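# Examining the three-dimensional arrangement
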Amino acid sequence: MALVTMGPMLKRAQAARYGIAAFNMIDYNSARSIIEGANDLKAPIIVQVSVKTIKHWGYKAIATWVRMLADDVDVPVALHLDHCSDADVIRRCIDAGWTSVMFDGSALPFADNKAQSEAIYAITEAAGVGLEAEIGAIGGVEDDKFVAEDAAILANYDECVAFVSAMPNLAVFAPAIGTAHGFYKGTPKIAYDLLERITATIPIPIALHGGTGLSQEQFDRCIAGGCAKVNISTMHKHRFIEGFVNLHAEKPKLAEPLPFIVAQYDAMKRDVHDMIRAFGSEGKAVHAAGEGA
Ligand code: 13P
């Protein structure tokens, strides 16, 4: 299938209370494991890309790989730019064929974040591309950004309402609700009450950042509370490395590269299957007319 925009798939997911996995791809092999893993389970999927990864491979290579892989499967695939505060990178992604982008102005004062998010919204709406925008501060490390545990800030409810008021067609909204990027050191204190308050009044699907390490119960409660996009990066990276390292430990004399690539693919794809099942999106691929990018 041609790539799709993520807004409609996320609206369906939120309405039926399941989550769509959004994995941060690393290379071609990783993108393949994400897309083919979703196809195995007939699940819609989001392939998202960190700015660092784009800077390494280039816009064209990534867009070409993902488009080509999506063409060969029968499930909706969206290509998304993860946390980005640079309007130029956003524009280049749109020009290269990304079907959605995230503007992350969460480090800015509220009024500046709102104004800049709205300026990007005008660009994405004109281009027919979905937008994700964030408020509050999600803890942990993502790309080159680090937010210390004591600097993480829950989104403020009144600010959430004001923030989205001029962006009714936002594809997904990312308020900080207590989850963090990276492996959790303790049990995260997720503000389920805040999540439910937000989804009771704001009719926009919610993104759950910091998916790595959450329990099934935490996923279930967040998805029941309206989280429709569930982000997984750290565990995917971990599987990428583990696939290689475990095979090397098992067969230290093996000098052929392809078995390592296959081992990485298998390790990443197993996790893609596990997460899709955990989020309830198995069998939820829908082919809707007019959603192609
Ligand atoms: P994890 O690295 O904790 O899986 O979080 C991913 C994420 O939210 C990407 O934006």
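Looking at an unreviewed UniProt entry, one finds the protein chain named Class II fructose-bisphosphate aldolase, with Rhizobium alvei as its source organism. According to the UniProt record, the Pathway (unreviewed entry) comment for the protein chain reads "Carbohydrate biosynthesis; Calvin cycle."

### Brief notes about a nonpolar patch on the surface
On the surface, Ile-241, Phe-244 and Val-245 cluster together to form a nonpolar patch covering roughly 280 Å² of accessible area. As for its position among the elements, Val-245 is in helix H10 (residues 234-250).

### Description of the state of the cysteines
When the sulfur atoms of two cysteines share a covalent bond, that bond is a disulfide. A complete count under the given rule lists zero disulfides for this structure. No disulfide involves Cys-84; its sulfur sits 6.8 Å from that of Cys-93, the nearest cysteine. For Cys-222, which is in no disulfide, the shortest distance to another cysteine sulfur is to Cys-227 and amounts to 4.8 Å. A relative accessible area of 0% means that Cys-222 is categorised as buried.

### A few points about the packing of aromatic side chains
Applying the stated rule across the entire model yields seven aromatic pairs. Aromatic ring contacts, followed pair by pair, group Tyr-28, Trp-57 and Trp-65 into a single cluster. Sitting above the plane of the Tyr-157 ring, Arg-197 keeps its charged end 3.8 Å from the centroid. Lys-284 extends its terminal NZ or CZ atom over the ring of Tyr-18, reaching a point 5.3 Å from the ring centre.

### Thoughts on empty space enclosed by the protein
If you walk through the whole model with that rule in mind, you get two cavities of 30 Å³ or more. Estimated volume of the largest cavity: approximately 80 Å³. Forming the walls of the largest cavity are 13 residues, and the residues nearest its centre are Glu-142, His-181, Gly-210, Asn-231 and Ser-233. Residue lining of the second largest cavity: Met-9, Arg-12, Tyr-18, Ile-20, Pro-44, Pro-76, Lys-284, Ala-285 and Val-286, and that is the complete set. When grouped by side-chain class, the residues that make up the lining of the second largest cavity number seven nonpolar, no polar and two charged.

### Topic: unusual backbone geometry
Unusually for a residue other than glycine, Arg-17 sits at a positive phi of about 55°. Among the secondary structure elements, Arg-17 is positioned in the loop between helix H1 (6-16) and strand E1 (20-24). A relative accessible area of 40% places Arg-17 in the partly exposed class. One non-glycine residue, Lys-42, lies in positive phi territory at about 55°.

### Things to note about the pairing of E1
Burial analysis of E1 places five of its five residues in the buried class, the great majority of the element. Residues Ile-20, Ala-22 and Asn-24 of E1 are buried on one face, and the alternating residues Ala-21 and Phe-23, pointing to the opposite face, are buried as well. Pairing of E1 with strand E10 (residues 227-232) involves four bridges; the strand directions are parallel. By the bridge assignment, Ile-20 is partnered in E10 with Lys-229. As defined by bridge partners, E1 adjoins strand E2 (residues 45-49) across three bridges and the pair is classed as parallel. Along E2, the bridge assignment pairs Ala-22 with Ile-46. One crossover worth recording links E1 to the parallel E2 by way of helix H2 (residues 28-40), and it is right-handed.

### A word on the site of the ligand
Not every one of the 16 residues close to the ligand is listed here, only the nearest: Asp-82, Gly-210, Thr-212, Ser-233 and Thr-234. One of the side-chain N or O atoms of Asn-231 is found 3.2 Å from an oxygen atom in the ligand. Side-chain polar atom of Thr-234 to an oxygen atom of the ligand: 2.5 Å apart, as the coordinates give it. Out of a free accessible area of 310 Å², the ligand has 100% covered by protein chains. Here the ligand occupies the largest cavity.

### Comments concerning the environment of His-248
Looking at the element boundaries, His-248 is found in helix H10. With a relative accessible area of 40%, His-248 lands in the partly exposed category. C-alpha separation for the pair His-248 and Gly-136, spaced 112 residues apart in sequence, amounts to 42 Å.

### What to know about the environment of Phe-183
If you trace the backbone, Phe-183 turns up in the loop between strand E8 (172-175) and helix H8 (192-201). Relative accessible area serves as the criterion here: at 43%, Phe-183 is assigned to the partly exposed category. Placed 130 residues apart in sequence, Phe-183 and Thr-53 show a C-alpha to C-alpha distance of 20 Å.

Analysis parameters
Residues numbered from 1 in each chain as written. Predicted model: local features only at pLDDT ≥ 70, side-chain atom pairs only at ≥ 80, totals over all residues. Heavy atoms only, no water. UniProt positions renumbered as here; feature names shortened; annotations may be inferred. Patch = residues over 30% accessible without salt bridge, like charges linked within 9 Å, V, L, I, M, F, W, Y side chains within 5 Å. Areas by Shrake-Rupley, 256 points an atom, 1.4 Å probe, with all protein chains shown as cover. Salt bridge = Lys/Arg side-chain N within 4 Å of Asp/Glu carboxyl O. Helix = DSSP H or I, 4+ residues; strand = E, 2+ residues; numbered from the N terminus. Disulfide = S-S within 2.5 Å. Buried < 20%, exposed > 50% of the residue type's maximum accessible area, 1.4 Å probe, protein only. Phe/Tyr/Trp six-rings, centres within 6.5 Å; stacked < 30°, edge-to-face > 60°. Lys NZ or Arg CZ within 6 Å of the ring centre and 35° of its normal. 1 Å grid on protein atoms, 1.4 Å probe; cavity = no way out; pocket = protein on both sides within 12 Å on 5 of 7 lines; lining within 4 Å. Points joined across faces, edges and corners; volume = space filled by probe spheres on them. Nonpolar A, V, L, I, M, F, W, Y, C, P; charged D, E, K, R; others polar. Pairing = 2+ DSSP bridges. Right-handed = clockwise from strand over helix to strand, strands pointing away. Near = heavy atom within 4 Å. Polar contact = N/O pair within 3.5 Å; in protein donor to acceptor, adjacent residues only side chain to side chain. Sits in = over half its atoms within 2 Å of the grid points.

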